[in-house]
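# Fold and geometry: a report
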Amino acid sequence: MTSTRVRAVRLGPRSLAALVLVGAVGVAAFGWPFLAPPTAQLNAHAQDAPWLFAGLLLLLVAVVAATISESDLGPKAVAMLGVLAATGAALRPIGAGTAGIEPMFFLMVLSGRVLGPGFGFTLGSVTMFASALLTGGVGPWLPFQMLAMGWFTMGAGLLPGPVRLRGRGEVLMLAGYGFLAAFAYGTIMNLAGWPFLGAAASNISFDPQAAVPANLARFVAYCLATSLGWDLGRAVCTVLLTVFLGPAVLRALRRATRRAAFETAVTFDGPGA
C-alpha cells in the first residue's frame, strides 16, 4: 500500500488566500510597534490599541469558518477537528501554565504534522479559542493567542518528509521543532503586551520615539527579563512529551486519518452491483 499524506483541510486558492490575509493582518497586529513611524497617530493612542486589536477575534473566527467551508470538509473531518480541539483545550489547564508546563503544545505539533498545514492552522486557532472559553481566559489577548497557536500548529505541517520520514528521526525532528517553536510562540505573544507597559518599566518598555534598533534591544531585554523561564519550561515540556508519547500518538492519529479517509469521494453502487 502506498503511503500518502492526508490533509483534512486542503489549501485551495481561497483557503490559501484566507491564510495569507490573516497572516498579513497578524504581522501588522503584532509588529505595529516596529512598522509604525514615530509620528504615527497610532502611537498617540497606544492605550486604546488592545481594544482595537480585540476586533481581530471576529476576523479570525470568520477566516477559520471560510477555510472550513471552502475546503468542503466532510463530517468525519469536522468531527476530528472537534475531538482534537476539545482534547487540546482539556490539556491546557492541567499545568495551569505553571513554569510553562502546557501539555497542549505537543498535541498541536503532532496533529499539524499528520494532518497538514491547513488543518493545523484551523486546529490551533479553534483549540485556543475553546481553551479560553474553558478556562475563562477571554480577553483582548485572545485573538493574538489564536494567531500564534495557528502559526505554531501550521508550522509542524510544513516540516519536510511528510511521507517517507518515520520513526525516531521524525520524532526527533518534531521535538526540535517543538522546542524552537515554543520559544517563538512566547516571543510573539510578548509583542501583544510589551508596547503597553507604560513608564513603570521604562528601560525595557516600548518607546514610540526611539528608532527600531533601540526598540528591538528593549524588546529583547523584556523577553529575557519576563518570559525566558516560562518559554524554557514550555519548550522542555513539549520535547519530553513528544519524545515519550509522540510515537504512539502519531500512530493513533495516522490510523484515525486512514479510517476516516478524508479525501475519499463518496460513491454509490448501482442496483446491479
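Residues numbered from 1 in each chain as written. Predicted model: local features only at pLDDT ≥ 70, side-chain atom pairs only at ≥ 80, totals over all residues. Heavy atoms only, no water.

An unreviewed UniProt entry lists the protein chain under the name ECF transporter S component, with Streptomyces sp. 900105245 given as the organism.

### A word on the overall build of the protein chain
Here is the rule: Comment: elements are numbered from the N terminus, with helices defined as DSSP H or I runs of at least four residues and strands as E runs of at least two. When checking whether two residues touch, look at their non-hydrogen atoms; a contact exists if any pair is within 4.5 Å. Surface accessibility follows the Shrake-Rupley procedure with a 1.4 Å probe radius. Residue values consider only the protein chains on display as shielding.
When helices and strands are counted, the protein chain shows 10 helices and 0 strands. Residue pairs in contact within the protein chain that sit at least 24 positions apart in sequence constitute 81% of those at least 6 positions apart. As presented, the protein chain carries roughly 13300 Å² of accessible surface, and 69% of it is formed by carbon and sulfur atoms.

### Looking at the UniProt feature "transmembrane region" (unreviewed entry) in the protein chain
Defined as follows: UniProt positions are given in the numbering used here, feature names are shortened, and annotations may be inferred rather than shown by experiment.
As annotated by UniProt and renumbered to match this structure, "transmembrane region" (unreviewed entry) occupies residues 16-37, 49-68, 114-135, 141-159, 171-197 and 232-250. The span residues 141-159 is 84% helix and 0% strand, and its two end C-alpha atoms sit 28 Å from each other. With 100% helix and 0% strand, residues 232-250 has end C-alpha atoms that lie 24 Å from one another.

### A look at the packing of aromatic side chains
So the rule is basically this: Aromatic pairing here means that ring centres of Phe, Tyr or Trp (its six-membered ring) are within 6.5 Å. Orientation follows from the plane angle: under 30 degrees is stacked, over 60 is edge-to-face, and everything else is tilted. A simple rule labels every residue: compare its accessible area, found with a 1.4 Å probe on the protein chains alone, to the largest value its type can have, and call it buried under 20%, exposed over 50%, or partly exposed in between.
One pass over the full model with this rule turns up 8 aromatic pairs. Residues Phe30 and Trp151 carry aromatic rings whose centres are separated by 5.9 Å and whose planes lie at 50° to one another, so their mutual orientation is tilted. Of the two residues, Phe30 sits in helix α1 (residues 13-35) while Trp151 sits in helix α7 (residues 142-157), which places them 121 residues apart along the sequence. With a relative accessible area of 23%, Trp151 lands in the partly exposed category. Grouped by ring-pair contacts, the aromatic residues Phe105, Phe152, Tyr177 and Tyr185 constitute a single cluster.

### A look at helix α6 (residues 104-135)
What counts here: Helix span is expected to be 1.5 Å times the residue number reduced by one. Bend is computed residue by residue as the angle between axes fitted to the seven residues ending at the residue and the seven residues starting at it.
The first and last C-alpha atoms of α6 sit only 14 Å apart over 32 residues, clearly below the 46 Å expected at 1.5 Å per residue. Maximal helix bending in α6 amounts to about 140°, located at Gly116; proline Pro117 follows within four positions. Counting buried positions along α6 gives 26 out of 32 residues, so the element sits mostly inside the fold.

### Points about the side chain of Arg254
Structurally, Arg254 is set in helix α10 (residues 228-260). Judged by its relative accessible area of 15%, Arg254 falls in the buried class. With residues up to four places along the chain from it excluded, the contact list for Arg254 reads Arg113, Val114, Pro162, Arg166 and Glu170.

### Observations regarding α1
Over its 23 residues, α1 extends only 28 Å from the first C-alpha to the last, a length that falls short of the 33 Å expected when each residue adds 1.5 Å. Of all the bends in α1, the greatest, near 50°, is centred on Ala29, and the proline Pro33 appears no more than four residues after it. Every buried residue of α1 is accounted for by Ser15, Ala18, Leu19, Val22, Gly23, Gly26, Ala29, Phe30, Gly31, Trp32 and Pro33.

### Overview of a positive patch on the surface
Heads up, the rule is: Residues qualify for a patch when their relative accessible area is over 30% and they have no salt bridge, like charges being joined within 9 Å and the nonpolar side chains of Val, Leu, Ile, Met, Phe, Trp and Tyr within 5 Å. We define a salt bridge as a side-chain nitrogen of Lys or Arg found within 4 Å of a carboxyl oxygen belonging to Asp or Glu. Positive: Lys, Arg. Negative: Asp, Glu. His and the chain ends are not part of the count. Charge positions come from single atoms, namely NZ of Lys, CZ of Arg, CG of Asp or CD of Glu.
Side chains of Arg251, Arg255, Arg258 and Arg259 sit close together on the surface and give a patch of like positive charge. In this structure, Arg258 sits in helix α10.

### A look at the environment of Gly112
With respect to the secondary-structure elements, Gly112 resides in helix α6. Taking the relative accessible area as the measure of exposure, Gly112 reaches 0% and is therefore buried. Note: C-alpha distance between Gly112 and Thr122 (10 residues apart in sequence) is 9.7 Å.

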